[in-house]
Amino acid sequence: MSTADVVSPVTTPGEHHAHSGEGHDHGHGHQPHLAHHFESYEQQFDAGKLGIWLFLVTEVLFFSGLFCAYVVFRVLYPELFAFGHLFLNKELGAINTVVLLVSSLTMALAVRAAQLGQRQVLISMLVVTIACAFVFMGIKYVEYTTKFREGLFPARYFAPTPEALLHAAHMIHDAQSHGAAGHAAGHGAHDEHAADASHGHEGKAGDHSHEEVNKNGLTAAEQAMVDSVKVPANAGLFFSIYYCLTGLHGIHIIAGIAAISWILVRSIKGHFTPLYFGPVEYVGLYWHLVDLIWIYLFPLLYLIH
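Residues numbered from 1 in each chain as written. Predicted model: local features only at pLDDT ≥ 70, side-chain atom pairs only at ≥ 80, totals over all residues. Heavy atoms only, no water.

Within the protein, the secondary structure is distributed over 10 helices and 0 strands. For the protein, the sequential pattern of α-helices and β-strands runs α-α-α-α-α-α-α-α-α-α. With an accessible surface of roughly 15,100 Å², the protein has 68% of that area assigned to carbon and sulfur atoms. (Helix = DSSP H or I, 4+ residues; strand = E, 2+ residues; numbered from the N terminus. Areas by Shrake-Rupley, 256 points an atom, 1.4 Å probe, with all protein chains shown as cover.)

Structure below.
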């Protein structure tokens, strides 16, 4: 249930009477945020809420189509998804999930503060929500740049570097060595190794200074592991879907940052009151949907096992 249902932006009988007595004051001089074509704040709020829900339905339909495409390709090419997810960083994905959950909480608190007329709390919660959104985008930037550096491009441009393949080789080796029971415990050790691989050969060169490395900066044992990785045909298809889903979601995050920033500016100007808080509620609903979409994307892309 929306927090807006707890406190409705109703006008008092006196206000309504005064409004009716004026015979629909188009200027609403004493009610600057009540549009001229509405009789009351309650009517304006209900109309706005219907509008935002209709908009959210279109967003759900939009992402539903993308999720259907995901299901179709995963059913047709399960080996591509099993292989492709080896290159995704589960820890960063999990951190982003927590960040968005926190932002949903602060957004809900912002809506509640607007309903109660708590201006400072409203401003603080909106600032924290925006900060969480920037943290999310910052982590996605790190993920994207790392993948580009490792040659993990979509479609036919997929050309993983030896470091990326070594990462995948360790993932496969860990899964085969530890089995299902020890898999969870093996993730920590693997991720540490993967981080080393993704950060170039500087550290590794020091670790293997006494060993001969080839032109790829790999030892003979590491090269053997890389050679053992069988890259499926059309492996770039997974990253086409990955970039499409996460990229479109990221665009929605940026749109959310813009909308929340607009709400923040209006909050600082003192536009919102217990009678007028509709825009905060509408932006909050949008933000919750964006967060919900990521809750689906994270397991579908990062936790394919």
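Scanning the entire structure with this criterion turns up 3 salt bridges. Residue K49 is joined to E281 by a salt bridge in which the shortest nitrogen-to-oxygen separation is 3.8 Å. Residue K49 is located in helix α2 (residues 41–76), and its partner E281 is located in helix α10 (residues 278–302); the two are separated by 232 residues in the primary sequence. Taken as a pair, K49 and E281 share a single burial class, namely buried. (Salt bridge = Lys/Arg side-chain N within 4 Å of Asp/Glu carboxyl O. Buried < 20%, exposed > 50% of the residue type's maximum accessible area, 1.4 Å probe, protein only.)

Attention now moves to the packing of aromatic side chains. Each aromatic ring pair is summarised here by two numbers: the centre-to-centre distance and the angle between the ring planes. By the definition in use, this model includes 27 aromatic pairs. Taking the centre distance of 6.4 Å and the plane angle of 20° together, the rings of F73 and Y77 count as stacked. Exposure remark for F73: the relative accessible area of 29% places this residue in the partly exposed category. Look at W294 and Y302: their rings are 6.0 Å apart centre to centre, the planes differ by 65°, and that puts the pair in the edge-to-face class. The class of W294 is buried, set by a relative accessible area of 0%. (Phe/Tyr/Trp six-rings, centres within 6.5 Å; stacked < 30°, edge-to-face > 60°.)

Turning next to unusual backbone geometry. Phi at A155 is positive, roughly 55°, even though this residue is not glycine. Inspection of the secondary structure puts A155 in the loop between α5 (119–149) and α6 (162–198). In this structure A155 comes out as partly exposed when scored by relative accessible area, which is 41%. Here N234, not a glycine, exhibits a phi torsion of approximately 60°, which is positive. Following the sequence through the fold, N234 ends up in the loop between α8 (220–228) and α9 (236–268).

The next subject is the UniProt feature "transmembrane region" (unreviewed entry) in the protein. In the numbering used here, UniProt assigns the feature "transmembrane region" (unreviewed entry) to residues 50–73, 94–115, 121–139, 240–265 and 285–304. A distance of 32 Å separates the end C-alpha atoms of residues 94–115, which is 100% helix and 0% strand. (UniProt positions renumbered as here; feature names shortened; annotations may be inferred.)

The contact between helix α4 (residues 90–116) and α5 brings their axes to 8 Å, and the two run at 160°. Relative to α5, the element α4 lies roughly antiparallel. As for how α4 packs across α5, the hand of that crossing is left-handed. For the contact of α4 with α5, the class distribution of residues is 20 nonpolar, 4 polar and 2 charged. (Axes fitted to C-alpha atoms, helices over the stretch in contact; angles between N-to-C directions. Parallel < 35°, antiparallel > 145°, perpendicular 65-115°, else oblique. Left-handed = near helix turned anticlockwise from the far one by under 90°. Nonpolar A, V, L, I, M, F, W, Y, C, P; charged D, E, K, R; others polar.)

Among the secondary structure elements, Q223 is positioned in helix α8. Leaving out residues up to four positions away in the same chain, Q223 has contacts with N214, N216 and L218. (Contact = heavy atoms within 4.5 Å.)

Here the focus is α4. Between its first and last C-alpha atoms α4 spans 39 Å; for 27 residues at 1.5 Å apiece the expected length is 39 Å, and the two agree. Where α4 begins, the side chain of N89 points an oxygen toward the backbone nitrogen of E91, at a separation of 3.0 Å. Positive backbone phi, approximately 75°, marks G117, located one or two places after α4. (Expected span 1.5 Å × (residues − 1). Polar contact = N/O pair within 3.5 Å; in protein donor to acceptor, adjacent residues only side chain to side chain.)

Another point: the packing of α5 against α10. To describe two helices that pack against each other, one gives the angle between their axes and the distance between the axes. Across the interface, α5 lies against α10 with an axial gap of 13 Å and an inter-helix angle of 30°. With respect to α10, the element α5 is oriented roughly parallel. Every pair of crossing elements has a handedness; the one defined by α5 and α10 is left-handed. In this structure, α5 uses L122, T129, A133, F136, K140 and E143 to contact α10, whose residues at the interface are V280, W287, W294 and Y302. Class assignment of the residues belonging to the contact of α5 with α10 gives a composition of 7 nonpolar, 1 polar and 2 charged.

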